[in-house]
Amino acid sequence: RLQEILDIVGEIKQQNLKFDLNTYNSLLTAYAQARDISGLLKTFEEMQQSTDIKANLDSYNTVMEGLALSGQISRQAEVMDALKESNLSPSVATYTHWLRGVCNAQQLEHALDLLDEMKEAGLTPNSACFSIVISACLQLGDPETAFTLLKDAEQAGMAAAGHPRIYMDVMRATASGDKYEMAAYCWDKAVNSLGMRPDEGTCLSVLGVAAKHGDPKLATMVIRLLSTNGYPYKEHYFAPLVESFVAKKDLKSAFNVLDIMRVSGVAPTARTTMPIRESLGKNVQAIDDAYFILEELKKEGRTVDVTAFNAVVEMCAELGDLQRTVATYREAKNLGVTPDVDTYNCVLEACVQAKTKGMGNVVISEMKKAGIMPNIETYVKMIALECTQANYEGAFSYLEEMKGYGVIPPQSTYETLAHRLARAKDPRFHLALEEMETFGYPIRPNLSAAWK
């Protein structure tokens, strides 16, 4: 297009015709669109020096637009000064181009000052103005200012109508920045009012902020939208919902989510129940209250998920209270729960802490009777339990059994066994270290020094 305009200009010059305002403005537009700043400024200078032609507001706006596209903000300021000296008043379009240039140069404070300057001049920023500055805020990592501007745009009656996707952009940034109220507001506008559909990444960010700030209603809406968008249910969709109920101190609903997950074809895991366990901590009363909630669920005819039961049993074990752990474990049948390998491992952990091998053997026996196959964690705990005893020969049996299944014992297990051998001055300590090296495990200095 620039060459076409230049060809026409050449013909005008050959015929010794004078340029009129339209010709100059067309030439300015062509140079601006081609980002030919040299040609743009040269033509504009000719206009200013001409005695026959006076640049109008369109001329200035075109120059401002071209300079904005090329990031020439210092030149933009000069053009604005010239505009005001020519007794012309800048328009909203003029400021729009100026804002684009300033934001392209990442001068956010300058852009905010220009918005204030517009208002002082009696000009109402349009949706493009707000969109430009909001986008700059997001690019520069300032979601709070972006949200403030979004609200300003709403008050001016133009945010949704002009650039509806700006809600999505601000929602994404505020959720990532843990700005709960802002993210929730944008979700309501973007999804509930405008019917927009955020991508999975944005949904996960909103789920995260809903979880942390205890908003299960928002978390539920996000999960529902993900399903509507064709995403199959996944564990990491529901985990934030559990966390949101825990943050709201509604443990009963958190336990219910676990059953809902399983009914929906998603198996809860230890990761899912982590917020529950963290909320219980080593608070005996909280752990007892959690157990009573499981009883309530059973009385109400609801299903108590095994992961909910395991969370309570595990925290009993964390207390180091073997009696409480075993007593809770024995209530599985009354709660309608079928223990799984994690249940038995929780009880074994309590046995390790209490150094009670007899109960550990009972657990292993009941585990085998129930047809539950031990996993790596089971062997780790049984070896650790054996190492608490005066006679620790059973540890070697479990170690060989692990290897018999093609499982390489973890480094921590070898370290536990080696420390026990060192305390007993058992020369098999050196064999244990050799085996560790065979499996590529580093020998820590404190372990080497254990043999004295």
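Residues numbered from 1 in each chain as written. Predicted model: local features only at pLDDT ≥ 70, side-chain atom pairs only at ≥ 80, totals over all residues. Heavy atoms only, no water.

Thoughts on the overall build of the chain
Turning to step 1, where the next piece is worked out: Helix and strand counts for the chain come out as 27 helices and 0 strands.
Turning to step 2, where the next piece is worked out: A compact globule built from 452 residues would reach a C-alpha radius of gyration of about 22 Å, whereas the chain, at 35 Å, exceeds it by more than 25%.
Turning to step 3, where the next piece is worked out: Each principal axis of the C-alpha distribution contributes one length, and for the chain these read about 110 × 55 × 35 Å.
Turning to step 4, where the next piece is worked out: Within the span of the chain, comprising 452 residues, buried residues form 47% of the whole.
Turning to step 5, where the next piece is worked out: Here the chain displays about 22,000 Å² of accessible surface, and carbon together with sulfur accounts for 49% of that area.
Turning to step 6, where the next piece is worked out: Both charge centroids of the chain, one from 45 positive and one from 58 negative side chains, sit 7 Å from each other. (Helix = DSSP H or I, 4+ residues; strand = E, 2+ residues; numbered from the N terminus. Rg over C-alpha atoms; globule rule 2.2 N^0.38 Å. Buried < 20%, exposed > 50% of the residue type's maximum accessible area, 1.4 Å probe, protein only. Areas by Shrake-Rupley, 256 points an atom, 1.4 Å probe, with all protein chains shown as cover. Lys, Arg positive; Asp, Glu negative; His and termini not counted. Charge placed at Lys NZ, Arg CZ, Asp CG, Glu CD.)

Let's talk about the packing of helix H15 (residues 235–247) against helix H17 (residues 270–280)
Turning to step 1, where the next piece is worked out: At a minimum axis separation of 8 Å, H15 and H17 run at an interaxial angle of 15 degrees. On the basis of their axis angle, the class for H15 and H17 is roughly parallel. Here H15 and H17 pass one another in a crossing that is right-handed. Across from Glu-235, His-236, Ala-239, Val-242, Glu-243 and Val-246 in H15, the residues of H17 making contact are Arg-271, Thr-272, Pro-275, Ile-276 and Ser-279.
Turning to step 2, where the next piece is worked out: Considered class by class, the residues forming the contact of H15 with H17 number 5 nonpolar, 3 polar and 3 charged. (Axes fitted to C-alpha atoms, helices over the stretch in contact; angles between N-to-C directions. Parallel < 35°, antiparallel > 145°, perpendicular 65-115°, else oblique. Left-handed = near helix turned anticlockwise from the far one by under 90°. Contact = heavy atoms within 4.5 Å. Nonpolar A, V, L, I, M, F, W, Y, C, P; charged D, E, K, R; others polar.)

Brief notes about helix H21 (residues 341–354)
Turning to step 1, where the next piece is worked out: Between the first and last C-alpha of H21 there are 20 Å, a value that for 14 residues agrees with the 20 Å anticipated at 1.5 Å per step.
Turning to step 2, where the next piece is worked out: For H21, a buried count of 10 out of 14 residues is recorded, marking the element as mostly surrounded by other parts of the structure.
Turning to step 3, where the next piece is worked out: Those residues of H21 not exposed but buried are Val-341, Thr-343, Tyr-344, Asn-345, Cys-346, Val-347, Leu-348, Ala-350, Cys-351 and Val-352.
Turning to step 4, where the next piece is worked out: On its buried side, H21 packs onto helix H19 (306–318), helix H20 (322–329), helix H22 (357–369) and helix H23 (376–386).
Turning to step 5, where the next piece is worked out: Two to three positions downstream of the cap, the backbone nitrogen of Asp-342 sits 3.1 Å from a side-chain oxygen, assigning the N-cap of H21 to Asp-340. (Expected span 1.5 Å × (residues − 1). Polar contact = N/O pair within 3.5 Å; in protein donor to acceptor, adjacent residues only side chain to side chain.)

Examining the packing of H23 against helix H24 (residues 393–404)
Turning to step 1, where the next piece is worked out: The contact between H23 and H24 brings their axes to 8 Å, and the two run at 160 degrees. The angle between H23 and H24 falls in the class roughly antiparallel. For the pair H23 and H24, the sense of crossing is left-handed. Contacts from Ile-376, Tyr-379, Met-382, Ile-383 and Glu-386 of H23 reach H24 at Gly-394, Ala-395, Tyr-398, Leu-399, Glu-401 and Met-402.
Turning to step 2, where the next piece is worked out: Broken down by class, the residue content of the contact of H23 with H24 amounts to 8 nonpolar, 1 polar and 2 charged.

A closer look at helix H26 (residues 428–438)
Every α-helix carries 3.6 residues per turn, so stepping three or four residues along brings you back to the same face.
Turning to step 1, where the next piece is worked out: Along H26, the positions that sit buried rather than exposed are Phe-429, Ala-432, Leu-433 and Met-436. Seen along its axis, H26 keeps its buried residues to an arc of 95 degrees; they face one direction. Away from its buried face by more than 90 degrees, H26 exposes Leu-431 and Thr-438.
Turning to step 2, where the next piece is worked out: Turning to H26, the residues buried within the fold contact helix H25 (411–423) and helix H27 (445–448). (Arc of directions from axis to C-beta.)

Details of the pattern of salt bridges
Oppositely charged side chains are able to pair whenever their charged atoms sit close together.
Turning to step 1, where the next piece is worked out: Considering all chains together, one arrives at 25 salt bridges under this definition.
Turning to step 2, where the next piece is worked out: Linking Glu-366 and Arg-330 is a salt bridge whose minimum nitrogen-to-oxygen distance equals 2.8 Å. Of the two residues, Glu-366 sits in helix H22 while Arg-330 sits in the loop between H20 and H21, which places them 36 residues apart along the sequence.
Turning to step 3, where the next piece is worked out: In this structure, the salt-bridge partner of Glu-386 is Lys-357, at a minimum N-O distance of 3.2 Å. A residue pair is termed long-range when its members are at least 10 positions apart, and Glu-386 in helix H23 and Lys-357 in helix H22 qualify at 29 residues. (Salt bridge = Lys/Arg side-chain N within 4 Å of Asp/Glu carboxyl O.)

A short note on the nonpolar core
Turning to step 1, where the next piece is worked out: Counting residues in hydrophobic clusters, the biggest one holds 145 residues, and the most contacted among them are Leu-99, Val-133, Trp-187, Leu-251, Phe-255, Ile-276 and Leu-294.
Turning to step 2, where the next piece is worked out: Counting residues per element, this core draws most heavily on H19, which supplies 9 residues. (Core = buried A, V, L, I, M, F, W, Y, C linked by side-chain atoms within 4.5 Å.)

Focus: the packing of aromatic side chains
Turning to step 1, where the next piece is worked out: What the rule picks out here adds up to 12 aromatic pairs.
Turning to step 2, where the next piece is worked out: For the ring pair Tyr-329 and Tyr-344, a centre distance of 5.9 Å and an interplane angle of 65 degrees mean the geometry is edge-to-face. Residue Tyr-329 is found in helix H20, and its partner Tyr-344 is found in helix H21; the two are separated by 15 residues along the sequence.
Turning to step 3, where the next piece is worked out: Judged by its relative accessible area of 4%, Tyr-344 is buried.
Turning to step 4, where the next piece is worked out: With a centroid separation of 5.3 Å and 20 degrees between ring planes, the pair formed by Phe-429 and Trp-451 is classed as stacked. Of this pair, Phe-429 sits in helix H26 while Trp-451 sits in the segment after H27, placing them 22 residues apart in sequence. (Phe/Tyr/Trp six-rings, centres within 6.5 Å; stacked < 30°, edge-to-face > 60°.)

Focus: a negative patch on the surface
Turning to step 1, where the next piece is worked out: Taken together, Glu-109, Asp-113, Asp-116 and Glu-120 make up a surface patch of like negative charges.
Turning to step 2, where the next piece is worked out: By the secondary structure assignment, Glu-120 is in helix H7 (residues 108–120).
Turning to step 3, where the next piece is worked out: Taking relative accessible area as the criterion, Glu-120 reaches 70% and is therefore assigned exposed. (Patch = residues over 30% accessible without salt bridge, like charges linked within 9 Å, V, L, I, M, F, W, Y side chains within 5 Å.)

So, unusual backbone geometry
Generally, phi is negative for residues other than glycine and the peptide bonds are trans, each holding for most cases.
Turning to step 1, where the next piece is worked out: Unusually for a residue other than glycine, Gln-106 sits at a positive phi of about 60 degrees.
Turning to step 2, where the next piece is worked out: Relative to the helices and strands, Gln-106 resides in the loop between helix H6 (92–104) and H7.
Turning to step 3, where the next piece is worked out: When its relative accessible area of 54% is taken as the criterion, Gln-106 is described as exposed.
Turning to step 4, where the next piece is worked out: Even without being a glycine, Lys-355 presents a positive backbone phi close to 55 degrees.
Turning to step 5, where the next piece is worked out: Here Lys-355 is to be found in the loop between H21 and H22.

Details of the environment of Ser-26
Turning to step 1, where the next piece is worked out: When you line up the elements, Ser-26 lands in helix H2 (residues 21–33).
Turning to step 2, where the next piece is worked out: Placed 373 residues apart in sequence, Ser-26 and Leu-399 show a C-alpha to C-alpha distance of 85 Å.

Regarding the side chain of Thr-325
Turning to step 1, where the next piece is worked out: Looking at the secondary structure, you find Thr-325 in helix H20.
Turning to step 2, where the next piece is worked out: Accessibility expressed as a relative area gives 0% for Thr-325, which makes it buried.
Turning to step 3, where the next piece is worked out: Here Ala-317 takes part through its backbone nitrogen, which lies 3.2 Å from a polar atom of the side chain of Thr-325.
Turning to step 4, where the next piece is worked out: Each residue touching Thr-325, except ones within four places of it in the same chain, is listed here: Val-313, Cys-316, Ala-317, Cys-346, Val-347 and Ala-350.

As far as function goes, none of this settles anything; it's purely spatial.
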